[in-house]
Amino acid sequence: MFVIFPNPQAIADYLAKYITQKIIANPATSLGLATGSTMEPIYARLLQKVHTDQLDLSQLTTFNLDEYVGLGPDHPQSYYYFMQQHLFAAAGLTPAQVNLPCGVCADLEQECQDYAAKLKALGGVDIQLLGIGSNGHIGFNEPGTPFDSVTHVVELAPKTRRDNARFFDHVDDVPTHAITMGIAEILAAKEIFLVATGRHKAEIMARLYSSAIDEQLPASALKQHAHLRILVDAEAAELLPTHIKQVV
Ligand code: F6R
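Residues numbered from 1 in each chain as written. Predicted model: local features only at pLDDT ≥ 70, side-chain atom pairs only at ≥ 80, totals over all residues. Heavy atoms only, no water.

Observations concerning the overall build of the protein chain
Move 1: The secondary structure content of the protein chain amounts to 7 helices and 10 strands.
Move 2: Scaling as 2.2 N^0.38, a compact globule of 248 residues should have a C-alpha radius of gyration of about 18 Å, and the protein chain matches this with 17 Å.
Move 3: Across its three principal directions, the C-alpha atoms of the protein chain cover 50 × 45 × 35 Å.
Move 4: Across the 248 residues that make up the protein chain, the buried fraction comes to 53%.
Move 5: Contacts spanning at least 24 positions in sequence make up 80% of the contacts within the protein chain whose residues lie at least 6 apart.
Move 6: Summed over its atoms, the accessible surface of the protein chain is roughly 10,800 Å², and 53% of this surface lies on carbon and sulfur atoms.
Move 7: One finds the centroid of the 17 positive side-chain charges in the protein chain at a distance of 9 Å from the centroid of its 27 negative side-chain charges. (Helix = DSSP H or I, 4+ residues; strand = E, 2+ residues; numbered from the N terminus. Rg over C-alpha atoms; globule rule 2.2 N^0.38 Å. Buried < 20%, exposed > 50% of the residue type's maximum accessible area, 1.4 Å probe, protein only. Contact = heavy atoms within 4.5 Å. Areas by Shrake-Rupley, 256 points an atom, 1.4 Å probe, with all protein chains shown as cover. Lys, Arg positive; Asp, Glu negative; His and termini not counted. Charge placed at Lys NZ, Arg CZ, Asp CG, Glu CD.)

As for the site of the ligand
Move 1: Neighbouring the ligand are 15 residues, the closest being T38, D66, H137, G139 and K201.
Move 2: Note that an oxygen atom of the ligand is positioned 2.8 Å from one of the side-chain N or O atoms of T35.
Move 3: Here the ligand loses 94% of its free accessible area of 410 Å² to cover by the protein chains.
Move 4: Here the shell around the ligand is composed, by residue class, of 4 nonpolar, 8 polar and 3 charged. (Near = heavy atom within 4 Å. Polar contact = N/O pair within 3.5 Å; in protein donor to acceptor, adjacent residues only side chain to side chain. Nonpolar A, V, L, I, M, F, W, Y, C, P; charged D, E, K, R; others polar.)

Focus: the pairing of strand β10 (residues 228-233)
Move 1: With 5 of its 6 residues buried, β10 lies for the most part within the structure.
Move 2: Across 4 bridges, strand β1 (residues 2-5) lies against β10 in parallel orientation. In the strand pairing of β10, I4 is matched with V232.
Move 3: Across 5 bridges, the pairing between strand β9 (residues 191-196) and β10 is parallel. Within β10, the residue paired with L194 across the bridge is I230.
Move 4: What joins β9 to β10 is helix α7 (residues 202-210), and the crossover it makes is right-handed. (Pairing = 2+ DSSP bridges. Right-handed = clockwise from strand over helix to strand, strands pointing away.)

With respect to the nonpolar core
For soluble globular proteins, nonpolar side chains are generally found buried alongside one another.
Move 1: Core analysis: the largest hydrophobic core is formed by 73 residues, its most contacted members being Y43, L129, L194, M205, L208 and L222.
Move 2: Per-element accounting of this core gives the leading share, 8 residues, to helix α1 (residues 8-25).
Move 3: Residues contacting L222, with those up to four places away along its chain left out, are L130, I138, I186, L187, I192, L194 and L228. (Core = buried A, V, L, I, M, F, W, Y, C linked by side-chain atoms within 4.5 Å.)

Re the state of the cysteines
Move 1: Under the counting rule described, the total for this entry stands at 1 disulfide.
Move 2: For the unlinked cysteine C112, the closest cysteine sulfur is that of C105, found at 9.6 Å.
Move 3: Judged by its relative accessible area of 3%, C112 is buried. (Disulfide = S-S within 2.5 Å.)

Here we look at the packing of α1 against helix α2 (residues 40-52)
Move 1: One way to put it is that α1 packs onto α2 with a least axis distance of 8 Å and a crossing angle of 45°. As far as their axial angle goes, α2 and α1 are oblique. α2 is crossed by α1, and the crossing has right-handed handedness. Contacts between α1 and α2 involve Q9, A12, D13, L15, A16, K17, I19 and T20 on the former and, on the latter, P41, I42, R45, L46 and K49.
Move 2: Of the residues in the contact of α1 with α2, the class split is 7 nonpolar, 2 polar and 4 charged. (Axes fitted to C-alpha atoms, helices over the stretch in contact; angles between N-to-C directions. Parallel < 35°, antiparallel > 145°, perpendicular 65-115°, else oblique. Left-handed = near helix turned anticlockwise from the far one by under 90°.)

Remarks on the packing of aromatic side chains
Move 1: Counted according to the given criterion, the structure contains 10 aromatic pairs.
Move 2: Here Y14 and F193 contribute two aromatic rings whose centre-to-centre distance is 6.4 Å and whose plane-to-plane angle is 70°, an arrangement assigned as edge-to-face. Within this pair, whereas Y14 is found in helix α1, its partner F193 is found in strand β9, the two being separated by 179 residues in sequence.
Move 3: With centroids separated by 5.2 Å and ring planes inclined at 70°, the aromatic side chains of Y18 and F193 adopt a geometry described as edge-to-face. Pair noted here: Y18 is in helix α1 and F193 is in strand β9, with a separation of 175 residues, a long-range link.
Move 4: Overall, the relative accessible area of 16% leaves Y18 in the buried class. (Phe/Tyr/Trp six-rings, centres within 6.5 Å; stacked < 30°, edge-to-face > 60°.)

Limitation: the analysis is restricted to geometry and does not speak to function.
Put into structure tokens, the structure is as follows:
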């Protein structure tokens, strides 16, 4: 389940190659996407690969995990903006191909239902990329979120707001709420890659390794999935037991 790589770039190389091969085999692949620092080298490498392999992305569909409530697509800290900057624009993906929850819609409950309906119609994405919060969140499913949850509005945990304050001028500027895909929808993916890089993810990786499946640790829900791979760099693997520390 855990695969250890020497550094974040090696994970990015592996995933970019893997996703490229999947898209070549099935141009109508659906990708579940995350934002955040962990994803940046992955999207950079994927873009290089897309261009060198002259990959046809015209049939690709993407679904993002989450969006801040109150931040529109033009806000530099919105997740739509992040995706435009790091992947969508350079990959030439059109608005019709990409899906993100709308954080500024007047009726957020309706937006959740519409997003959940789109995911249900798809029957789960083909490949889901996930990062992990230092409290074990996946998407913005904070500790205590039921594992049968679907897209919903969530109040962000104080720890998550502190962790994400690095992208804002002040912690008070971090939105208090977000829309997130639910855990049931994440688990509906055919394949899941959870990625953790950096020393600041070592504690949560050790906790995830030893934890039972427990709603207080949202990422532990993934242990039920038949096609889960947890890709960890050497720093994030620092507190994992030595016998699983084979480096790819
Ligand atoms: C973001 C998301 C979050 C992040 C997690 C890790 O779309 O779903 O679960 O993956 O907070 O963020 P980074 O990669 O910035 O450490």
